[in-house]
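The residues making up each chain are set out below.
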Amino acid sequence: MANKSVVDFEAIKKDLANLPKPIQILDENSKVVDQAAFDSFSDDDLVEFMKKMVWERALHEQTMNFSRQGRMGFYAPTEGEEASEMGTVLAMKKQDYLLPAYRDLPQLIQHGATVTEAYLWSRGHVVGNEYNANAMMPQIIIGAAFDEAAGVGLGIKKNKEEDTIAFTYTGDGGTSQGDSYEGMNFAGAFQTPTLFIVQNNGFAISTPRHKQTAAPSLAQKAVAAGIPSVQVDGMDILACYTVAKAARDYIVAGNGPVMIETLTYRYGAHSSAGDDPSRYRTEEDVKPWHEKDPLIRLRKVLEDKGLWSDEQEDKLVEEYKNSFKDAIKEADAVAKDKVSDMLKRTFEIPTPELRKEIEKFEAKESKE
Amino acid sequence: MAKMTYIKAITDALDIMLEDDPKTLIFGEDVGKNGGVFRTTQGLQEKYGEDRVFDTPLAESGILGLATGLGVKGFRPIPEIQFMGFSFEAMDQIVGQEARMRFRFNGKQTSPVTIRTPYGGGTHTAEMHADNLENYFASTPGLRVVMPSNPYDAKGLLISSIENNDPVLFMENLKLYRSMKDDIPEGKYTVPLDKANVVQEGTDITIVAYGAEVNEAKKAAETLAKDGVSAEVIDLRTVSPIDTETIFKSIEKTHKVVIVQEAQKMAGVGATVASAIAEDAILSLDAPIGRVAAPNSVYPFAQAEDYWIPGADEIVEKANEILNY
């Protein structure tokens, strides 16, 4: 017989679901819900945030166009996640080290890679990974970056690099991989300067968040590693930025790692390569999230302040899209990666067997 | 010169490299205060401090992910996987991440990690402690797999591995840890990677082996010598990549070969040596290629280990079969 007076598991379970409200500054009707936090931004700041989100949406639209034209390789759509991606990455500094996942090309570009390089990465060209940025290439094994982010953080700590952190991204699905826990646990154990960001966009390809875990929040997953964590409205760029900035300040002060869960949504498919979201969700499921759209939300505030207009945005979008068209032309102009070059970069010094293969391929390539 | 066991030779190499390069770090389960479950890292934390030699939480993927991250931050990590069977937990970090770093970044970011791990049968350990897992890793482009067969090589190969700018899986044979002693020169010396060693010269048959099986091959050669057979024994030292040149040169002289490994027979180092000979040097032979390997079963529980692992007798038997072909 269960003895409730000794232990009441049901009460403990219920208590787990007793979550604090996700942090929000602008609600979905563009109403300021935290005036003091809102007032910390100048008009210029607000315009800058808007520009970044417009840039990311334009990047997405133009890249999808390229994809439909057969000019892209693997591409993971980002529409809907602009506040989460731009808000968090804008809190970072150049000296920070970024470990992105595959949906994080916009952050990688913000952190110093060029759009051309991002396109080359998508096409599977090594030049796409030779960017001038402190960053790993987008991680495909979604939990693995968490382990590595603990290591980069420990390296920063051992090097005594000032005002520098490691920051990494994964998604809701990524938190189910054991590596994400190992990474957070190591970061906690060594108190590394690492910021873990979980962009909870509702789906791991087709598997919804509620099938991923019984945990009431993904932020809670950091608790077991002794890491402070928080949920933030991932459709509110002001909240995403403010929380990421606060986390960075806290980490830089020597307090160890932090984890942020952004509550966001992927409007489109998992990837441009044949995923059909209508197989696993309805228009009705998606609609409420469009109503929370991060661009609409901030646009209203700016328009009320007389800081933004449709004409201004159209002009910007055109400007951005033209720059992406230039970028893909630049990518087109990069010579194809050669097998002989791939073989050369397997080891620092090619093995005798590889040398033979290199000669074989060089002979072939010289005839092409 | 000092007489040193295999394990002391490894400790000596680690000590030298911690002293030599301030960017080297040793970490893993119980490697700090406890000095490792085999005492391989004994005294190193005391001497170099917790900043350089430290314990980690018990999670192999975490340990090697830490190594990958430290590598991109300019360190030269020497993580330990406490027993090689535990490396399955870290397969992605070794094969999916570290081995690909140079390839991914065209050399702009690399993974100069040396993963040390004990393996090998004959000491009656618990399950998942003794398996010969080199075959899983030897097929990984971008990763070296080094398996010293004696204390002298262990020290020199470990120093070479740590100094190498690519990732190395350095496999330490459990049975050899305390059963072998060599004269070990003081201070730093290297034994080259990717080069096989002709342990003893001979004219009638070539025996190719690596790890603890090199000792079995030497014993077999002694037995064969009593019957007037002159066997050449080759120690691969590095099992990926394989130094085929040394093997081809030898069989050109002996025309006969037996390839020996402690691991199961299927799809591994011995099979690769055999296929290289078949492909590029078959005309040197005047008899079929002989192979001695463990049977294709799950690695045995401790009691059956001694019968399962191939020994000198099996090598002699196979050599005679080839010699009398």
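Residues numbered from 1 in each chain as written. Chains lettered and ligands numbered in written order. Predicted model: local features only at pLDDT ≥ 70, side-chain atom pairs only at ≥ 80, totals over all residues. Heavy atoms only, no water.

Enquirer: Explain the overall build of chain A residue by residue, including any values.
Expert: Looking only at helices and strands, chain A has 16 helices and 7 strands in total. Taken over C-alpha atoms, the radius of gyration comes to 22 Å for chain A, in line with the 21 Å a tight globule of 368 residues would show. Reported as C-alpha extents along the three principal axes, the dimensions of chain A are approximately 80 × 60 × 45 Å. The burial tally for chain A puts 54% of its 368 residues in the buried class. (Helix = DSSP H or I, 4+ residues; strand = E, 2+ residues; numbered from the N terminus. Rg over C-alpha atoms; globule rule 2.2 N^0.38 Å. Buried < 20%, exposed > 50% of the residue type's maximum accessible area, 1.4 Å probe, protein only.)

Enquirer: I'd like a description of helix α3 (residues 60-72) of chain B, backed by residues and values.
Expert: Residue and element names in this part refer to chain B. Counted at 1.5 Å a residue, the expected span for α3 with its 13 residues is 18 Å, and the 19 Å between its end C-alpha atoms agrees. Burial runs high along α3: 13 of the 13 residues are buried. Two residues or fewer past α3, Gly74 is found with a positive phi of approximately 95 degrees. (Expected span 1.5 Å × (residues − 1).)

Enquirer: Describe the pattern of salt bridges, listing the residues and the values that go with them.
Expert: This model, assessed by the stated rule, comprises 39 salt bridges over all chains. Of the charged contacts in the structure, one is a salt bridge between A:Arg57 and A:Glu82, with a shortest N-O distance of 2.7 Å. Within this pair, whereas A:Arg57 is found in helix α3 (residues 43-68), its partner A:Glu82 is found in helix α4 (residues 82-89), the two being separated by 25 residues in sequence. The pair A:Arg57 / A:Glu82 is uniform in exposure class, with both members buried. The shortest N-O distance in the salt bridge between B:Glu163 and B:Lys188 comes to 2.5 Å. Of the two residues, B:Glu163 is situated in helix α7 (residues 151-163) and B:Lys188 in the loop between β8 (181-184) and β9 (197-200); the sequence distance between them amounts to 25 residues. Assessed through its relative accessible area of 33%, B:Glu163 is described here as partly exposed. Within the structure, one salt-bridge network assembled from shared partners comprises A:Lys93, A:Asp96, A:Asp163 and A:Arg248. (Salt bridge = Lys/Arg side-chain N within 4 Å of Asp/Glu carboxyl O.)

Enquirer: Which residues make up the interface of chain B and chain A, and what values go with them?
Expert: Taken together, the contact pairs 41 residues of chain B with 36 residues of chain A. Interface area for chain B against chain A, summed over the two sides, is near 3,200 Å², with a carbon-plus-sulfur share of 60%. Three residues stand out in chain B for area buried against chain A, namely B:Lys73, B:Phe103 and B:Phe105, and they jointly supply 20% of the buried area on that side. Our enumeration of links across chain B and chain A arrives at 3 salt bridges. Notably, a salt bridge pairs A:Glu130 with B:Lys108, separated by 2.6 Å at the nearest N-O pair. Where chain B meets chain A, there are 18 residue pairs in polar contact (both at pLDDT 80 or more). (Contact = heavy atoms within 4.5 Å. Buried area = accessible area lost by both parts, 1.4 Å probe. Polar contact = N/O pair within 3.5 Å; in protein donor to acceptor, adjacent residues only side chain to side chain.)

Enquirer: Please give an account of the pairing of strand β14 (residues 290-294) of chain B that cites residues and values.
Expert: All names here are of chain B. A large share of β14 lies buried, amounting to 4 of its 5 residues. With 4 bridges connecting them, strand β13 (residues 257-264) and β14 associate as parallel partners. The residue bridging Val260 from the neighbouring strand is Val292, located in β14. In this fold, β13 hands off to helix α10 (residues 269-280), which returns the chain to β14; that crossover is right-handed. (Pairing = 2+ DSSP bridges. Right-handed = clockwise from strand over helix to strand, strands pointing away.)

Enquirer: Tell me about the sheet that holds β9(B), and name the residues and values.
Expert: Residue and element names in this part refer to chain B. Spatial ordering of the open sheet is given by β9-β11-β10-β13-β14, a layout of 5 strands whose pairing is mixed. Each edge of the open sheet carries a strand with a single partner, namely β9 and β14. When the angles between neighbouring strand axes are averaged without regard to direction, this sheet yields 25 degrees. Contacts between α10 and the sheet are confined to β13 and β14, with β13 contributing the most and set at about 155 degrees to the helix. (Axes fitted to C-alpha atoms, helices over the stretch in contact; angles between N-to-C directions.)

Enquirer: Lay out a nonpolar patch on the surface with the relevant residues and their values.
Expert: Residue and element names in this part refer to chain A. A cluster of nonpolar residues, Val6, Val7, Phe9 and Ile12, forms a patch on the protein surface that exposes about 410 Å² of accessible area. Topologically, Ile12 is positioned in helix α1 (residues 9-16). Judged by relative accessible area, which is 47%, Ile12 ranks as partly exposed. (Patch = residues over 30% accessible without salt bridge, like charges linked within 9 Å, V, L, I, M, F, W, Y side chains within 5 Å. Areas by Shrake-Rupley, 256 points an atom, 1.4 Å probe, with all protein chains shown as cover.)

Enquirer: Can you break down the sheet that holds strand β7 (residues 258-263) of chain A residue by residue, with the values?
Expert: Two strands in a sheet stick together by hydrogen bonds in their backbones, pointing the same way (parallel) or opposite ways (antiparallel). Residue and element names in this part refer to chain A. With respect to topology, 5 strands assemble into an open sheet ordered β1-β2-β3-β7-β6, the strand pairing being parallel. The sheet terminates laterally at β1 (97-99) and β6 (229-233), the two strands that pair on one side only. Each adjacent strand pair in this sheet contributes to an overall mean axis angle of 20 degrees, direction not counted. Along the sheet, α4 contacts β2 (166-171), β3 (194-200) and β7; its crossing angle with β2, the most-contacted strand, is approximately 170 degrees. On top of the sheet, helix α11 (residues 237-255) reaches β3, β6 and β7; it is set at about 175 degrees to β7, its chief contact.

Enquirer: An account of the nonpolar core is requested, with residue identities and associated values reported.
Expert: Among the nonpolar cores identified, the biggest contains 136 residues, and A:Tyr119, A:Leu195, A:Leu238, A:Leu298, A:Phe324, B:Leu66 and B:Ile277 are the most heavily contacted of them. Counting residues per element, this core draws most heavily on α3(A), which supplies 11 residues. If you look at the next biggest cluster of nonpolar residues, it comprises 35 residues, including B:Ile16, B:Tyr48, B:Ile162 and B:Ile184. (Core = buried A, V, L, I, M, F, W, Y, C linked by side-chain atoms within 4.5 Å.)

Enquirer: Go over the packing of α3(A) against α11(A), please, and point to the residues and values.
Expert: To characterise two packed helices, one gives the angle between the axes of the helices and the distance between these axes. Residues and elements named next belong to chain A. At a minimum axis separation of 11 Å, α3 and α11 run at an interaxial angle of 105 degrees. Our classification of the angle between α3 and α11 gives roughly perpendicular. Residue-level contacts link Leu46, Phe49 and Met53 of α3 to Ile237, Leu238 and Tyr241 of α11. (Parallel < 35°, antiparallel > 145°, perpendicular 65-115°, else oblique.)

Enquirer: Mind laying out the environment of B:Gly28, listing which residues take part and the relevant values?
Expert: Residue and element names in this part refer to chain B. Here Gly28 shows up in strand β2 (residues 24-28). Spatially, the C-alpha atoms of Gly28 and Phe54 are 7.0 Å apart, while their sequence positions differ by 26 residues. The contact partners of Gly28, leaving out residues within four places of it in the chain, are Phe54, Asp55, Thr56, Ile63 and Glu80.

Enquirer: An account of the environment of A:Ala246 is requested, with residue identities and associated values reported.
Expert: Residue and element names in this part refer to chain A. With respect to the helices and strands, Ala246 occurs in helix α11. By relative accessible area, which is 42% here, Ala246 ends up partly exposed. Between the C-alpha atom of Ala246 and that of Glu319, which follows or precedes it by 73 residues, the distance is 33 Å.

Enquirer: Lay out helix α7 (residues 144-158) of chain A in plain terms, naming residues and giving numbers.
Expert: Residues and elements named next belong to chain A. Taking 1.5 Å of rise per residue, the 15 residues of α7 would be expected to cover 21 Å, and the 22 Å separating its terminal C-alpha atoms lies within 8% of that figure. In terms of burial, α7 is a largely internal element, 14 of the 15 residues being buried. With its phi angle positive at about 55 degrees, Lys160 sits one or two positions after the end of α7.

Enquirer: Any details on the confidence of the model for chain B? Residues and values, ideally.
Expert: Per-residue pLDDT for chain B has a mean of 97; in total, 100% of the residues score no lower than 70. Confidence metrics for the complex model read pTM 0.97 and ipTM 0.96. (pLDDT = per-residue confidence, 0-100.)

Enquirer: Outline unusual backbone geometry, supporting the account with residue identities and numerical values.
Expert: The step from B:Ser240 to B:Pro241 runs through a cis peptide bond, and the omega angle for that step is 0 degrees. Structurally, B:Pro241 is set in the loop between β12 (238-240) and α9 (244-254). Positive phi values are uncommon outside glycine, yet A:Gln191 reaches one of about 45 degrees. Along the polypeptide, A:Gln191 turns up in the loop between α8 (178-189) and β3. Not every positive phi belongs to a glycine, and B:Asp194 is a case in point at roughly 65 degrees. Looking at the secondary structure, you find B:Asp194 in the loop between β8 and β9.

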